[in-house]
Amino acid sequence: QVQLVESGGGLVQAGGSLRLSCAASGRTFSPYAMGWFRQAVGKEREFVAAINWSGGITNYRDSVKGRFTISRDNAKITVYLQMNSLKPEDTAIYYCAAGRYAGSRVGDYNSWGQGTQVTVSS
């Protein structure tokens, strides 16, 4: 089973940036696409971004397009989420996930990290 550990969350002012990392370990990782989801207090977990194994295909939710960038380093077995121009509405626990393809649904993924808190103040 793939194990995922997120890091890089924190508190930033609106307009600031954070870079989240998700380190993977365990059995064969190469077939896995990776995704980032987030969950704010009292809300459902929602899709943020996803990337396929090669890194050639990416998907983003509309509200983060142009601000967030997902990337991966397969040599390090790590996926990143660069978040720029952060807004208070980006505040949430961010989770990385591994799945068969870079889908936008929670059910598309079968391995999840523990989450890292991102808080954006205004």
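Residues numbered from 1 in each chain as written. Predicted model: local features only at pLDDT ≥ 70, side-chain atom pairs only at ≥ 80, totals over all residues. Heavy atoms only, no water.

To continue, consider the sheet that holds strand β7 (residues 68–73). Pairing within the open sheet is antiparallel, and its four strands lie in the order β1-β3-β8-β7. In this open sheet, the two edge strands, each paired with only one partner strand, are β1 (3–7) and β7. The sheet shows a mean angle of 15° between the axes of neighbouring strands, direction not considered. Where β7 and strand β8 (residues 78–83) come together, six bridges link them in antiparallel fashion. Counted as the bridge partner of T69 is Q82 from β8. (Pairing = 2+ DSSP bridges. Helix = DSSP H or I, 4+ residues; strand = E, 2+ residues; numbered from the N terminus. Axes fitted to C-alpha atoms, helices over the stretch in contact; angles between N-to-C directions.)

With that settled, consider the nonpolar core. Judged by nonpolar contacts, the single largest core of 27 residues is most densely connected at W36, L81, M83 and Y94. Looking at this core, the elements with two or more residues in it are β3 (18–25), β4 (33–39), β5 (46–51), β7, β8, β9 (92–99) and β11 (116–121). Core analysis: the second largest hydrophobic core is formed by seven residues, F37, F47, A50 and A97 among them. (Core = buried A, V, L, I, M, F, W, Y, C linked by side-chain atoms within 4.5 Å. Buried < 20%, exposed > 50% of the residue type's maximum accessible area, 1.4 Å probe, protein only.)

On to unusual backbone geometry. One non-glycine residue, S85, lies in the positive phi region at around 50°. Along the chain, S85 turns up in the loop between β8 and β9. Residue classification places S85 among the partly exposed residues on the basis of a relative accessible area of 40%.

The subject of this paragraph is the packing of aromatic side chains. As enumerated under the stated definition, the model contains four aromatic pairs in all. Ring geometry for F37 versus F47: centroids 5.6 Å apart, planes at 75°, classification edge-to-face. Taken as a pair, F37 in strand β4 and F47 in strand β5 lie far apart in primary sequence, ten residues in all. Accessibility expressed as a relative area gives 0% for F37, which makes it buried. By relative accessible area, which is 8% here, F47 ends up buried. With 5.3 Å between their ring centres and 80° between their planes, F37 and Y109 make a pair best called edge-to-face. Separated by 72 residues along the polypeptide, F37 in strand β4 and Y109 in strand β10 (residues 109–112) bring together distant segments of the chain. Each member of the pair F37 and Y109 is classed as buried. (Phe/Tyr/Trp six-rings, centres within 6.5 Å; stacked < 30°, edge-to-face > 60°.)

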